[in-house]
Amino acid sequence: MNKTLPFALLLSMLLPLAHAGEAVPTAEDPALEKRVMEVSHNLRCLVCQNQTIADSNAELAVDLRNQVREKLKQGESEKEILNYMVSRYGDFVLFKPLVKSTTWLLWFGPLLLVVLGVGVLIVMLRQRRKLMGQAQVMSAEEHVRAASLLSGKNKGDRS
Amino acid sequence: MKRAFIPLGIFVTLVVFLWIGLSLNPREVPSPLVGKPAPTFRLPQLHDASKTFSPEDMRGKVWLLNVWASWCATCLQEHPLLREMSRRNIVPIYGLNYKDKREDGIAWLNMHGDPYVLAAYDIEGKVGIDWGVYGVPESFLIDKAGIIRHKVIGAIKPEDMALLLPLIKELNDE
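Cut-off values and rules
Residues numbered from 1 in each chain as written. Chains lettered and ligands numbered in written order. Predicted model: local features only at pLDDT ≥ 70, side-chain atom pairs only at ≥ 80, totals over all residues. Heavy atoms only, no water. Helix = DSSP H or I, 4+ residues; strand = E, 2+ residues; numbered from the N terminus. Buried < 20%, exposed > 50% of the residue type's maximum accessible area, 1.4 Å probe, protein only. Contact = heavy atoms within 4.5 Å. Areas by Shrake-Rupley, 256 points an atom, 1.4 Å probe, with all protein chains shown as cover. Rg over C-alpha atoms; globule rule 2.2 N^0.38 Å. Lys, Arg positive; Asp, Glu negative; His and termini not counted. Charge placed at Lys NZ, Arg CZ, Asp CG, Glu CD. Phe/Tyr/Trp six-rings, centres within 6.5 Å; stacked < 30°, edge-to-face > 60°. Lys NZ or Arg CZ within 6 Å of the ring centre and 35° of its normal. Core = buried A, V, L, I, M, F, W, Y, C linked by side-chain atoms within 4.5 Å. Buried area = accessible area lost by both parts, 1.4 Å probe. Salt bridge = Lys/Arg side-chain N within 4 Å of Asp/Glu carboxyl O. Polar contact = N/O pair within 3.5 Å; in protein donor to acceptor, adjacent residues only side chain to side chain. Nonpolar A, V, L, I, M, F, W, Y, C, P; charged D, E, K, R; others polar. Pairing = 2+ DSSP bridges. Right-handed = clockwise from strand over helix to strand, strands pointing away. pLDDT = per-residue confidence, 0-100. Disulfide = S-S within 2.5 Å.

## A look at the overall build of chain A
Across its full length, chain A carries six helices and zero strands. Counting from the amino terminus, chain A carries its helices and strands in the arrangement α-α-α-α-α-α. The burial tally for chain A puts 25% of its 159 residues in the buried class. Across chain A, contacts joining residues at least 24 apart in sequence account for 49% of those joining residues at least 6 apart. Accessible surface computed for chain A: about 11,900 Å², of which carbon and sulfur atoms make up 65%.

The following block contains the structure:
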């Protein structure tokens, strides 16, 4: 092993950071670029899947942004562009999943869990209250015996 | 005693879900284009820029479009298989040279062998986007009516042939 290896490893670890910056828009038409970025924020980069194509500098993301730019120039609406991307890459390309039957669990699953949790909690609390209600009340005699047991006078009395 | 099984049940459920989740390949995004008409294009050919190629030229034939580039390492993995398919005349294979330099693409084919009837040249990768390509290699099997019937994402592996061969036969008989 030579000395350059750890250095190379360190460099390779830093590599992802090089992509972390938001892609720099070209300055030719700021209004258009703003629209391009708005639309791009809704599209997933399929190479670096947890980034939008607005955040990514992967080659595919750059190409897709160019495509978005071109379509905006042609006067297409955001919805039309998103529909085009979905028709080519599938629903997964949308950064925010659609609300439809296959994604109901995704959208409403957490809510379902909360409802379930609250339900379980209510049932448990009710049961506990019922048990409390059923708890036997000690007679005066038993109180006396308990007190004497607690005071430790009746050591050895196991009856 | 029954209560003791509740945490166990939750744990097993979690394990099952995580197991399924981990065994999925997030890189394989199913294409919505399967079953849809192949997006059309007209591109210059790789070897001869004065000639063009369009999927329209292929009407009435079953064919394979293989998206590839000289800079793509995985393409080399599937290459022997493509050449074998071409040698055995299983299906005509057309290349889509994706975001490549023309001379690099030609040199690569000269070096490794050319399985393609011809290759179209997509320097900007726009046709790639239109076909939902997000990495190379990708291969599309197109039927006589111009409908995409199957898509292989990544290198075509010998295992894929178990599906491809009968499908090609079936499509040819249609």
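## Side note on the overall build of chain B
Along its length, chain B carries five helices and seven strands. Going from N to C terminus, chain B has its helices and strands arranged as α-β-β-β-α-β-α-β-α-β-β-α. Since a compact globule built from 174 residues should have a radius of gyration of about 16 Å, the 20 Å found for chain B marks it as more spread out than a globular shape. Counting only C-alpha atoms and orienting by the principal axes, one finds that chain B spans roughly 80 × 35 × 30 Å. Per-residue burial for chain B yields a buried fraction of 44% across its 174 residues. Of the roughly 9,400 Å² that chain B leaves accessible, carbon and sulfur atoms contribute 62%. Each charge class in chain B was averaged separately, 20 positive and 20 negative side chains, and the resulting centres sit 5 Å apart.

## Some remarks on the packing of aromatic side chains
What characterises a pair of aromatic rings is the spacing of the ring centres plus the angle enclosed by the ring planes. All chains considered together, the criterion is met by eight aromatic pairs over all chains. Seen from their ring centres, Phe53(B) and Tyr94(B) are 5.0 Å apart, and the 15° between their planes marks the pair as stacked. You can see Phe53(B) sitting in strand E2 (residues 52-53) and its partner Tyr94(B) sitting in strand E4 (residues 93-98), a full 41 residues away along the chain. One aromatic cluster is present, formed by Phe41(B), Phe53(B), Trp63(B), Tyr94(B), Trp131(B) and Phe140(B) through successive ring pairs. Of note, Arg44(A) hangs over the ring of Phe92(A), and the distance from its end group to the ring centre comes to 4.3 Å. The ring of Tyr84(A) has Lys71(A) lying over it, and the distance from NZ or CZ to the ring centre is 4.0 Å.

## Some points on the nonpolar core
Formed by 69 residues in total, the largest nonpolar core has its most connected members in Leu43(A), Val68(A), Tyr89(A), Trp131(B) and Leu141(B). A total of six residues in this core trace back to one element, the largest contributor, which is helix H4 (residues 78-89) of chain A. Residue contacts for Leu141(B): discarding those within four places in its chain leaves Val62(B), Trp63(B), Leu64(B), Val91(B), Ile147(B), Ile148(B), Arg149(B), His150(B), Leu164(B), Leu167(B), Ile168(B) and Leu171(B).

## Some remarks on the interface of chain B and chain A
Each partner contributes residues to the interface: chain B has 19 residues there, and chain A has 17 residues. Taking both partners together, chain B and chain A bury about 1,500 Å²; carbon and sulfur atoms supply 49% of that area. The salt bridge involving Glu70(A) is made with Lys126(B); its shortest N-O contact spans 3.1 Å. At the junction of chain B and chain A, the tally comes to six residue pairs in polar contact (both at pLDDT 80 or more). In terms of residue class, the side of chain B that touches chain A is made up of 10 nonpolar, three polar and six charged.

## Side note on the pairing of strand E3 (residues 63-68) of chain B
Residue and element names in this part refer to chain B. Of all six residues in E3, six are buried; the element is thus mostly enclosed. Going residue by residue along E3, you find Trp63, Leu65 and Val67 tucked away on one face and Leu64, Asn66 and Trp68 tucked away on the opposite face as well. Summarising the sheet, E3 and strand E6 (residues 138-142) pair through five bridges and their orientation is antiparallel. Note that in E6 the partner of Leu65 across the bridge is Phe140. Crossover connection from E3 via helix H2 (residues 73-87) to parallel E4: handedness right-handed.

## As for the pattern of salt bridges
Taken as a whole and assessed by the stated rule, the structure comprises 19 salt bridges over all chains. Note that Arg87(B) is salt-bridged to Glu84(B), the shortest N-O span being 2.5 Å. One end of the pair is Arg87(B) and the other is Glu84(B), both in helix H2 and three residues apart, which spans about a single turn. For Arg87(B), a relative accessible area of 57% corresponds to the exposed category. The partner of Glu124(B) in a salt bridge is Lys126(B), and the shortest N-O contact between them spans 3.5 Å. Residue classification places Lys126(B) among the partly exposed residues on the basis of a relative accessible area of 31%. Here the salt bridges do not stand alone but share partners, grouping Lys34(A), Arg35(A), Glu38(A) and Glu78(A) into one network.

## As for the confidence of the model for chain A
Summarising the model, chain A shows a mean pLDDT of 82, and 79% of its residues fall at 70 or more. Averaged pLDDT values for the elements of chain A fall to 54 in helix H1 (residues 4-18) of chain A and rise to 94 in H4(A).

## What about the state of the cysteines?
Residue and element names in this part refer to chain B. Inspection of every chain in the model, using the stated rule, returns one disulfide over all chains. Between the sulfur atoms of Cys72 and its disulfide partner Cys75 the distance amounts to 2.2 Å. Taking the sign of the torsion about the S-S bond as the criterion, the disulfide between Cys72 and Cys75, at about 100°, is right-handed. Per residue, the accessibility class of Cys72 equals that of Cys75, and both read buried.

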